[in-house]
Amino acid sequence: CTDNLELSPTSTITSNSFWQNEQDAMGGLNSMYQWFRPQVSSNLYIWGGARSEELSYGLQASEGRERYFENTIDANFAGPDWIRLYTTIYAANLAIAEIPDINFTEESDKSRALARAHTMRAYVYFILARTWGDVPMVTEPIDGFPESTGKERTDVNEIFNLIKQDLDEALSLFPDNSFPDCRCQWSRPAANALKGNVNLWTAKQMDGGQEDLQAALTALQQVQEADVSLLQNFDDIFRYNNKGNSEILMAVHFEDLESGAMYNNSMYVRNDQIPSNVDEESKEVLGTGGGLNRWAPSELLRNQFTEDDSRKEASFAELYTVENGDSTFYASAVTKFRGFVDAGARKFLDDVILYRYADVLLMIAEAKNALGQDPSAEINQVRQRAYGDDFSDHLFVNGSQEVNEEAILQERLRELAFEGKRWWDLVRFGKAFDLVPSLHDDQGEGHLLLWPIPESTRSLNGLVEQNPGY
Amino acid sequence: QDQLTVKGTVTVQESGNTLPGVNVVVKGTTQGTSTGANGHYEIMVSENDTLVFSAVGFATQEVAVAGRSAIDIAMVASVAELDEMVVIGYGEQSRKTLTTSVAKMDTSVLNNVPFANVSSALQGSVSGLRVQTTTGQPGASPQVVLRGGTSISNPDGATPLYIVDGVKKSNLNDISSNNIESIQVLKDAASTAIYGARASNGVIIVETKSGQRGTTQINYRSSIQMSQLGDFYDLGTAREYIKFARMGMAATGEKHPEFLGRLDMANGFGTGNDLTKNTAFTTQYLTPDNEHKLNEGWQSMPDPLDPSQTIIFKSTDWQDKLFRTAMTTNHYLSASGGSEVATYRVGAGYLSNEGAAIQTGYRRLNFDASGSVKVRENIDVNANVNFSNSSDEQVFNINQIFQRSLALPSTAKFRYEDGTLAPGQNRSIGNPVYHLNRSVSENNLNRLTLGLNAHWQIADNLSFEPSASLYTVQGIDNEFQKSYFFSANQFIDSRDASGSHSLFWQRELDGVFTYDNTFGQDHNFSAKAGFSYFDRKNYSLFAAGRGAATDNIPTLNASSEETAVSSSTSHQVIAGYFGRISYDYNQKYLLSASGRYDGASNLGGNNKWGFFPGVSVGWNVHEEKFWSSIPDVASSFKLRGSYGVTGNISGLSDFHAQGQYSVGSEYNGQPMVTSTRLPNQDLKWERSRTVDVGFDLGLFNDQVTVLFDYYRRVTDDLLQSLELPQYTGFTSILTNLGSLENKGVEFEIQGDVIQNRSGFNWSLGANASYNQNKILELPENDNENNRIGGILVYDRSSGEYVYKGGLQEGGRLGDLFAYQQLGIYATDEEAANGPTDELVAGSDKTKFAGDVRWLDKDDNGTIDSRDRVYAGNILPNWTGGFSNTFSYKNLSLIVRTDFALGHTIYNESLARFNGQFQGDINISKEVVNQSWLSDRRQTDVPRYYWADQLAQNNLFRGNTRYYEKGDYLALREITLSYTLPTRWVKTLGIRNVRAYATGNNLHYFTNYKGLLPEEGGQDSGRYPNPQSFIFGINVGL
């Protein structure tokens, strides 16, 4: 009977039967998105944007989201943990370990595949390092029961070294400067954008100085050699039927039946929350409602847009109730990612953009300004598109480094609102305590710029120390 | 004295069946006879004699002849159990010589209630089993766990192995209770070791009915049942809701004015509703346009926030809409009989069970046939076939229906002005009549068991029993969402549809040799040796689509777009060799040893095989000479002891050890092949070592029996998901780590308290079981006590912050923690002097009168997560039941109760009603009658806030007041039955007729405020278990 006990599965693949050929390699490489996409669908916004001044209370119960914009997170309510970021790293590590031994028809496809895995690993460590500082460093896939279960956090400087190594490795591996059709996989221009972003961070936050600023500027300017441009109409960048447009460098793909909704489903408004006396114009902007308004654009953010800024209406809607001719503010909702309506239901399935050209332009301006160069060309490129015919009223003129820096930061708020960038921008520019109302009273409490490590994470790994101050 | 001939028929009182083999003896003589195949006897007596009727399993009866020539007797099943036969693994044994722990269910439990799921009959009727009704859904299986189970990660998921007529099954679903002959539970390892592979969680052996020699007996059983809820939530009326919700909104608005706009909106308490189909609620200000509604049953009240305005509304009781009086009918017809050469039994049944909630139900058809033929003098061949076809309808979401919809604010519209049904706020807190009608869900199951076995008496002392069986389960499900209004103004017409087809297919082949002999006078010896082969496959096919053009076709052919297609198959083989030897010396000294060697395909390559031995000894003390010096009251006494090792791999999926890459998902249309499970070729059998000591005590000539067991089971090498540190990227890996102890005691007392005094009998059965678990060992993980999970709280005894709960060595499973409510602040001043409460939402932490005063456990002036206290445990430690049968002549009364003690339930529903976490859910009467008001300051219910979690967080954080004791005593059954006198029915050619009336699940005696107190842990809405009233009749021909 013993022979009968040796069964192999029909409907699943086991560890010893995978990683044999090119198709396996591509399927395995894509699995990075199995873990990464659900993180991008809402946690990426929470880490990158939620603690900033962008959002405030919405119409619906905030269910703990207020802990972010009120900046009251602690070790017990520490926001999303890092496990699925590490699963993404595991998938990247697996690809990096296995792909070199697999034969590809085209060698360039193999190096592109490896380059994508390295870029992904760099991007995810970049999230980790900006959020928690020191984090455990894992560069090999585990393949069974781990020998020892605890692992200490690695110094954040070493993490940044790994990120930069990975990016250099990737940039040397990418065979060309082209994009995949969907612009939803890593490419050399996207890796350069990431490299620019990383170096701006290390220049300003890790004492990287001029060297890193120059590295940032070089990488960002290399992006401009690729097929990228600003779209004429700001709103078009984000439209569901315009995915993979030429402003996009890298986006994470969302699709019906393939993925869940992205985070705007907790920033939009459901129809039954809209009173009948709301002004017709707002109603029209929103169209068929959907999602739940659990948090919403803050008044502070809304007031930083002028009426002639085409980004205002493309970013959020303000609803006013009209009673006896008096209109009263009622609610606001993010419209940047409004998905599409299918069979009566609004589906929030817009791609989440990690890098786009306007972001790159503003980073170039930031690097130039920090290096003492004139940033106005890039800033004005962005403003020209935003204000169209009224651009002349908003022409940017080079000023002092400090004034320029402030202007760039505010331009980034208007350009990149709700794209999951604001909190990290505030930290990078050193302005979190100045600009986030809930942090005004915490000047000097620098530890708040990092996140607490969730108790649940520490309870599974006794060697992980809590960030000081929490 | 005159001799006369007395004739008569002996029947079984419970069933009315005639009873062959009853000894009929003239008292004080050896003169006697026994009843024939049809229950008849005939005996010569003197007119002043007394007849004694006795039979195994029945109470002995004495009847004075008093000159009569016809005496019919209805025998009452005796609960005295010391001489009963007990089915054990691959055999049968008298309890007299049994050395292991085996409980036998009193099958009279099955007589009256038409159990849609037979497992429910185990509730309170067998010691050692925790049986919990976790839902009132008809046909649903209760949770059955033996002696606390063996699982650390899922203490409720440790299901016993069921063996029905020799066929291994994972549940007793869809078996007709009318076809059950006996149910027994093998509890200790020595009794279950012979089933080695999957025996750790106990083995429940079920035998179905088979034919008996004699004339054909035809039985018909039928009952009709009405079910309805015994308890409802105490919810506010529309008027009360509007009052408190508007005041609660204003209360939240004191700190958060941004929410005050809701007062004018189209929600449950807001005045933005109108008479159109655009709003879901009736609440609105009185205007000339709507004042006519006051003549149509609408009510009015002044706006509590602005008494100058009048609010009008219509009230609907949603519990009344959701629940109904449900009808259940049950029919079962059987015929059995046989000759010296062959016996047979055939039966067919139909059960239709409506759920107490609308649109729910369960229906089942059963066909049962069994037969036995003596093909040669020494060879019997038996075959049986059981087929069932069942289908059910369930609600689409337990929480959304049994917490939210039933507590939809009573101001919601039931119908619009044009008479069509309104959808309620939205589907997740909707009008249940509307939403349950818009979704179609049909689950059909066909189960077929084919069994064939033989008994070959090779020689006088040697026999061989081969058996083969096939068990298949075919599932066909179809789901369809008709187009619907998600909310008043959102119409969804994607018309999602899905169909699935699954096939479960299990083959078994067993062969057992048995050798029995007696050496000398007193050395009784028997031995068994056998093999077993088990082979199971699963197949499933699933397809889903959407975009149908019509609501009228619920199947996939109408879908215009395919959304998912998938099929998969899986396979498992378990092979084993087993044996047992039993020896006794003159039934005085008893010894039994068994063992099994099992191999399973899904274990790691390094550890496929495991050996599971068991040994037990017994001593019938009453067989000793010195026993005569013991007072007569103690008639028998046996000491038992056993030790054994059993295995378990129920938590292991088919190819688990080999790791897994998952397929089927895509990124931008490209396939993703994802490593989702780490391989572990070292996976091996989970091993439970059980020590069991006990005694069987007979009192009053064994009319009362007491069974006692103490056990300690330690399960090592637990197949447990080891939670991994998060940097690995995996949440867990399945390993053999850790060790869990369960120990406890079990009592069973059964006896005939009163017997045969002028025809009145009273028999009593009681059982109680106590179980306590303790985690002995966990994998090393750098934490103190190798703790996994848990929370950091202040410990007053040590003065330190320590981790409690979760899993820790030395700890228990299922501990709960919450913030302790000490009281409610009566005044703002008192609140201002209290500790700072970090859990109040927002940056303004000010506390007010009406807020909860929390225990500041560490006295640091701040309420934070470290102030949480132990709030109970989810598992009951005491379970048991009582049953009483009173009979007087043809009348009998049965009262059965069962209980569970020690579990705590987090009544999250009540907290939600009191704290409005939903935004739009009804309030409980506690809010109305007890919540803090400026003129009601002394209370233990805080001020009512809209969205408590956004306001003062008095309830949402987990408040000890809502961690309620689940202790209950259930009045499970009261039956009054009457067996028509034989002489009345005989003339009609009817053998017997029994009619009865039963009340089932009549009442829970409990302090728990929710609707179903049986399961610990969080209650966020449960399908309540309804009361049932049953009228039934059994007819025998």
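Residues numbered from 1 in each chain as written. Chains lettered and ligands numbered in written order. Predicted model: local features only at pLDDT ≥ 70, side-chain atom pairs only at ≥ 80, totals over all residues. Heavy atoms only, no water.

In terms of regular secondary structure, chain B is built from nine helices and 60 strands. The C-alpha radius of gyration computed for chain B amounts to 32 Å, which stays within 12% of the reference 31 Å derived for 1037 residues, consistent with globular compactness. Oriented by its inertia axes, the alpha-carbon framework of chain B measures out at about 100 × 70 × 65 Å. When each of the 1037 residues of chain B is scored for burial, the buried share is 59%. The long-range share in chain B, meaning contacts at least 24 apart out of those at least 6 apart in sequence, stands at 68%. Accessible area of chain B: about 39,000 Å², with a carbon and sulfur share of 53%. Taking the average location of the 86 positive side-chain charges in chain B and that of its 109 negative ones, the two points are 2 Å from each other. (Helix = DSSP H or I, 4+ residues; strand = E, 2+ residues; numbered from the N terminus. Rg over C-alpha atoms; globule rule 2.2 N^0.38 Å. Buried < 20%, exposed > 50% of the residue type's maximum accessible area, 1.4 Å probe, protein only. Contact = heavy atoms within 4.5 Å. Areas by Shrake-Rupley, 256 points an atom, 1.4 Å probe, with all protein chains shown as cover. Lys, Arg positive; Asp, Glu negative; His and termini not counted. Charge placed at Lys NZ, Arg CZ, Asp CG, Glu CD.)

Residue and element names in this part refer to chain A. A complete count under the given rule lists 81 salt bridges over all chains for this structure. For aspartate 227, the salt bridge goes to arginine 183, with nearest N and O atoms at 3.2 Å. Of this pair, aspartate 227 sits in the loop between helix 7 (209–223) and strand 2 (248–252) while arginine 183 sits in the loop between helix 5 (156–173) and helix 6 (188–205); the two residues are 44 residues apart in sequence, bridging distant segments of the chain. The class of arginine 183 is buried, set by a relative accessible area of 6%. Taking the shortest distance from any N to any O, the salt bridge between glutamate 318 and arginine 302 comes out at 3.0 Å. Note that glutamate 318 is positioned in strand 4 (residues 316–323) and arginine 302 in helix 9 (residues 299–302), a separation of 16 residues in sequence. As far as burial versus exposure is concerned, glutamate 318 and arginine 302 are alike and both buried. (Salt bridge = Lys/Arg side-chain N within 4 Å of Asp/Glu carboxyl O.)

Residues and elements named next belong to chain B. As for its placement among the helices and strands, serine 227 is situated in strand 17 (residues 214–228). Owing to a relative accessible area of 2%, serine 227 belongs among the buried residues under this scheme. A polar side-chain atom of serine 227 sits 3.1 Å from a polar atom in the side chain of glutamine 225. The contacts of serine 227, once residues within four sequence positions are left out, are Arg324, Thr325, Ala326, Pro1026, Gln1027 and Ser1028. (Polar contact = N/O pair within 3.5 Å; in protein donor to acceptor, adjacent residues only side chain to side chain.)

All names here are of chain A. For the coordinates displayed, the defined rule picks out one disulfide over all chains. The disulfide partner of cysteine 182 is cysteine 184, and the S-S distance across this bridge is 2.1 Å. Residues cysteine 182 and cysteine 184 are joined by a disulfide whose S-S torsion is about -85°; by sign, that bridge is left-handed. Side by side, cysteine 182 and cysteine 184 carry an identical accessibility label, which is buried. (Disulfide = S-S within 2.5 Å.)

This next bit is on unusual backbone geometry. Residue and element names in this part refer to chain B. Located in the positive-phi region is glutamine 587, a residue other than glycine, with phi close to 60°. Tracing the sequence through the fold places glutamine 587 in the loop between strand 33 (561–585) and strand 34 (589–600). Backbone geometry at asparagine 953 places phi at a positive 55°, although glycine is not the residue there. Residue position: asparagine 953 is located in the loop between helix 8 (925–930) and strand 56 (963–965). A relative accessible area of 8% means that asparagine 953 is categorised as buried.

For the rest of this paragraph, the subject is the nonpolar core. Phe36, Tyr125, Leu128, Trp186 and Tyr355 of chain A are the most contacted members of the largest nonpolar core, which has 168 residues in total. Element by element, the count of residues in this core is highest for helix 4 (residues 107–132) of chain A, at 14 residues. One finds Trp318, Ala422, Ala488 and Tyr1023 of chain B within the second-largest nonpolar core, a separate group that totals 29 residues. (Core = buried A, V, L, I, M, F, W, Y, C linked by side-chain atoms within 4.5 Å.)

All names here are of chain A. Spanning twelve residues, helix 12 (residues 376–387) covers 16 Å between terminal C-alpha atoms, matching the ideal 16 Å at 1.5 Å per step. For helix 12, the tally of buried residues reaches nine of twelve residues, placing the bulk of the element in the interior. Here helix 12 has its buried residues at Ser376, Glu378, Ile379, Asn380, Val382, Arg383, Arg385, Ala386 and Tyr387. Check the buried side of helix 12 and you find it contacts helix 10 (310–315), strand 8 (352–356), helix 11 (357–370) and helix 13 (401–416). (Expected span 1.5 Å × (residues − 1).)

Let's shift gears to the domain arrangement of chain A. Residues and elements named next belong to chain A. The domains assigned to chain A are domain 1 (19–53 + 75–255 + 451–460), domain 2 (263–353) and domain 3 (364–433). For domain 1 versus domain 3, the distance between C-alpha centres works out to 25 Å. Between domain 1 and domain 3, the contact holds 32 residues from the first and 24 residues from the second. A combined buried area of about 2,500 Å² lies between domain 1 and domain 3, and 62% of that area is made up of carbon and sulfur atoms. The tally of links between domain 1 and domain 3 comes to four salt bridges. Here lysine 204 and glutamate 366 are joined by a salt bridge, their closest N and O atoms 2.6 Å apart. Applying the counting rule to domain 1 against domain 3 returns ten residue pairs in polar contact (both at pLDDT 80 or more). Breaking the side of domain 1 that touches domain 3 down by element, the ones donating at least two residues are helix 1 (22–48), helix 4, helix 6 and helix 7. Per element, the largest residue contribution to the side of domain 1 that touches domain 3 is six residues, and it comes from helix 7. A breakdown of the residues in the side of domain 1 that touches domain 3 according to their chemical character gives 15 nonpolar, twelve polar and five charged. (Domains from an automatic or database assignment. Buried area = accessible area lost by both parts, 1.4 Å probe. Nonpolar A, V, L, I, M, F, W, Y, C, P; charged D, E, K, R; others polar.)

Residue and element names in this part refer to chain B. The strand order across the open sheet formed by three strands is 4-1-7, and the pairing between neighbours is mixed. Among the strands making up the open sheet, the edge pair consists of strand 4 (40–46) and strand 7 (73–75). Adjacent strand axes in the sheet meet at a mean angle of 35°, parallel and antiparallel pairs treated alike. (Pairing = 2+ DSSP bridges. Axes fitted to C-alpha atoms, helices over the stretch in contact; angles between N-to-C directions.)

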